[in-house]
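# Understanding the architecture of this molecule
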Amino acid sequence: GEGSQSTAAVTAPVAAANKQANSQQPLRFKLAMVLMPETYRHGTEMKTPLGDGVRQQFAGHRWLLLVEPEEAEEVLAQQGLSVRQENKAKIARTLGVYPAARLVLFLDKVALDRKGNKVQGRLDYTVVDGFSGRTISRDQRTVSADHSAAEKGELLRELLAQAVVHLEKRAAKYGWSTRVAMVEGNNIYLSAGKASGLNVGDLFAIYGPGKEIIHPIAKISMGFQRGPYKGMVKVLNLFGGDASEATVVAGPGTIQVNDIVALPDKQE
């Protein structure tokens, strides 16, 4: 979480990029969390402590912004999508459009197993790219603790903390971006606002969707090429929990819904 030793190292690229913006705080990298139906091995007794633990892990984070499971569930329900293993790619792409989650964390299984005087906790999760729907990684974290620590929720919090460290490293490699939510003439509405760290007066570049580059041997995504540059927008107004209105101030192209919003390169 916020206090993990690796956080300072992995935030460096994000912090460096944010110096180009006018924001007084880091731009926050948005990720969504989805609880799979098979998450809980022994019923749903861990649902409340798990949800509370998730919120605690992300509440104080300076540059990771959690789309809470309830919000993700609402978006998916509006789109008629059920949460199933075979739907992960479609779910991720849906949440990548709105609320523009760059990564989607699927909690596949949480289990606490008693072994003698110890309790072993296990967390299985999958990280999926919100833009492409491609699975980035499948990971498992295990932690052992005594019964009292498990009962206090410490074991569950440690599992989540390990997963957050992994997400920090992934997010730092991607860099900050969001999506164009709506276009009305010169008024551009962005799927990021106050919660994401935007301020009135911030300038952002708009790019068309780029091509995902897949390593030919490892079959792993190397990231996205940046699509054609379309223009610059200036934030005029922040509204709702995390949205903003901007206006076009420069650029050669026609800005469209789902175009990529990013920090501008120096030459633009």
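Residues numbered from 1 in each chain as written. Predicted model: local features only at pLDDT ≥ 70, side-chain atom pairs only at ≥ 80, totals over all residues. Heavy atoms only, no water.

Let us look at the confidence of the model for the protein chain. For the protein chain, per-residue confidence averages 81 on the pLDDT scale, and 81% of positions sit at 70 or higher. In the model, residues 1-24 has pLDDT below 50 throughout and makes 41 contacts with residues more than four positions away in sequence or in other chains. (pLDDT = per-residue confidence, 0-100. Contact = heavy atoms within 4.5 Å.)

Our next topic: the sheet that holds strand 11 (residues 229-239). With antiparallel pairing, the 6 strands of this closed barrel are ordered in space as 6-7-12-11-8-13. With direction set aside, neighbouring strand axes in the sheet form an average angle of 45°. With 5 bridges joining them, strand 8 (residues 203-207) and strand 11 adopt antiparallel strand pairing. Along strand 11, the bridge assignment pairs Ala205 with Met232. (Pairing = 2+ DSSP bridges. Helix = DSSP H or I, 4+ residues; strand = E, 2+ residues; numbered from the N terminus. Axes fitted to C-alpha atoms, helices over the stretch in contact; angles between N-to-C directions.)

Let us look at the packing of helix 3 (residues 69-78) against helix 4 (residues 88-97). Relative orientation of the contacting elements helix 3 and helix 4 amounts to 105°, with a least axis distance of 10 Å. By the angle between their axes, helix 3 is roughly perpendicular relative to helix 4. Here Ala72, Val75 and Leu76 of helix 3 lie close against helix 4, whose contacting residues are Ile91, Thr94 and Leu95. Here the contact of helix 3 with helix 4 is composed, by residue class, of 5 nonpolar, 1 polar and no charged. (Parallel < 35°, antiparallel > 145°, perpendicular 65-115°, else oblique. Nonpolar A, V, L, I, M, F, W, Y, C, P; charged D, E, K, R; others polar.)

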